[in-house]
Amino acid sequence: MAATDLERFSNAEPEPRSLSLGGHVGFDSLPDQLVSKSVTQGFSFNILCVGETGIGKSTLMNTLFNTTFETEEASHHEACVHLRPQTYDLQESNVQLKLTIVDAVGFGDQINKDESYRPIVDYIDAQFENYLQEELKIRRSLFDYHDTRIHVCLYFITPTGHSLKSLDLVTMKKLDSKVNIIPIIAKADTISKSELHKFKIKIMGELVSNGVQIYQFPTDDEAVAEINAVMNAHLPFAVVGSTEEVKVGNKLVRARQYPWGVVQVENENHCDFVKLREMLIRVNMEDLREQTHSRHYELYRRCKLEEMGFQDSDGDSQPFSLQETYEAKRKEFLSELQRKEEEMRQMFVNKVKETELELKEKERELHEKFEHLKRVHQEEKRKVEEKRRELEEETNAFNRRKAAVEALQSQALHATSQQPLRKDKDKKKASGWSSIYSVTIP
Ligand code: GTP
Ligand code: MG
């Protein structure tokens, strides 16, 4: 077959033709097959809670899932924000849900909040990276892989009634391209109805003017378009959390009881808790998972692969070839390696030269020192030699004087023994000798 024929064959996309079936074939059971497969497989859903310490994150999670997750109170003295994930296996009817709740512990507690968003962004990226690494494995097992990518970020806003804090705006801005953000006004029972209405409008205005993209409930599926459109207008949801049960009329309801009355968590006139639960769990959980995969993860994957040098087409708009990209990267890597090797060799040679020079300088210094010491030593030696000569001369002089004295003494003794009778005369002589003696000996 000629090359042009081959091209035509591979590029040909025949228009699909509609045909009518003669009877029931059975592929209308495909959706049921999917449902059954998903139910067997189970689902995972990961929620990230970002909000100041004590804003009511744990209470809201307990209220949402109607259970008590083991959480301890966070310290207010964390040096930086850290992420604490906790995974739970939940079951409702025959559906298994692996729920991970990630708490941004210590958020907003630091004096310098410039980098408060960074650990959160890093955590989200790390989960994307784990998934990408699994995808790129030769033997990948995405089927039973525990997907830890964050599907939704519940951003807890403090019910000040004024405006968003700059920390909230900065954090949401940094997160909006990485995760689906649903902003919620926490502890909504602490703000009056009219204030809450104004506060909601103000928050939405600020988010829009700062270009923060929050998650919009999808309106492209007819079945849920209407309710989702209505709910989009209610954002941010003002919620109240409580696991305490209070008797209202003859019913036990979850509520917060105050001296002046009872705030019922599931009463839509009191707060938006039910709206949040409906939207988050009952209506849009699958869309949140889908958006995470097709929008946020896809963006991360694209940036990462581009960073690694992969492109969908080369400069001449030729289709992407993994083999060619691999070869090009390999060449690039080898030449980089060679360049680094040469750089290191040159560095080594320079270092050796420098050391050699240093050693030579040291040797010269030592030599000079040695010469100096030698001169000093010779001078000392000469002085000692002179001293020795002087001492020798002195000793000789002394010895000569000693010998003379001894000779005189022996003569005197000899004379005394020869003339014993001339005592007086001798005495005179002896005194005369002693006077000589006393004069001669220095
Ligand atoms: P850390 O995990 O320590 O950061 O706290 P948290 O954000 O998980 O807050 P938590 O749920 O522990 O609640 C802190 C306090 O706020 C508790 O005393 C709750 O009873 C109270 N609280 C929680 N939700 C609400 C609410 O909706 N309204 C009011 N008024 N108080 C609430
Ligand atoms: Mg908590």
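Parameters at a glance
Residues numbered from 1 in each chain as written. Chains lettered and ligands numbered in written order. Predicted model: local features only at pLDDT ≥ 70, side-chain atom pairs only at ≥ 80, totals over all residues. Heavy atoms only, no water. UniProt positions renumbered as here; feature names shortened; annotations may be inferred. Pairing = 2+ DSSP bridges. Helix = DSSP H or I, 4+ residues; strand = E, 2+ residues; numbered from the N terminus. Axes fitted to C-alpha atoms, helices over the stretch in contact; angles between N-to-C directions.

Named according to an unreviewed UniProt entry, the protein is Septin originating from Pan troglodytes. Comment text from UniProt for the protein, heading Sequence similarities (unreviewed entry), reads "Belongs to the TRAFAC class TrmE-Era-EngA-EngB-Septin-like GTPase superfamily. Septin GTPase family." Of the comments in the UniProt record for the protein, the one headed Subunit (unreviewed entry) reads "Septins polymerize into heterooligomeric protein complexes that form filaments."

Caption draft 1: Structural context of the sheet that holds strand β7 (residues 245-248). Taken in spatial order, the three strands of this open sheet run β7-β8-β9, and their pairing is antiparallel. Sheet topology places β7 and β9 (261-264) at the edges, where each strand pairs with a single neighbour. Here the average twist between neighbouring strands, direction ignored, is 65°. Of the pairings in the sheet, the one linking strand β8 (residues 251-258) to β9 comprises four bridges and is antiparallel in character. Residue arginine 256 lies in a different strand from β9, and its bridge partner there is valine 263.

Caption draft 2: Unusual backbone geometry, seen in detail. A cis geometry characterises the amide bond from leucine 235 onward to proline 236, with omega recorded as -5°. Even without glycine at this site, serine 93 takes up a positive phi of about 50°. With respect to the element layout, serine 93 can be found in the loop between β2 (82-92) and β3 (95-105).

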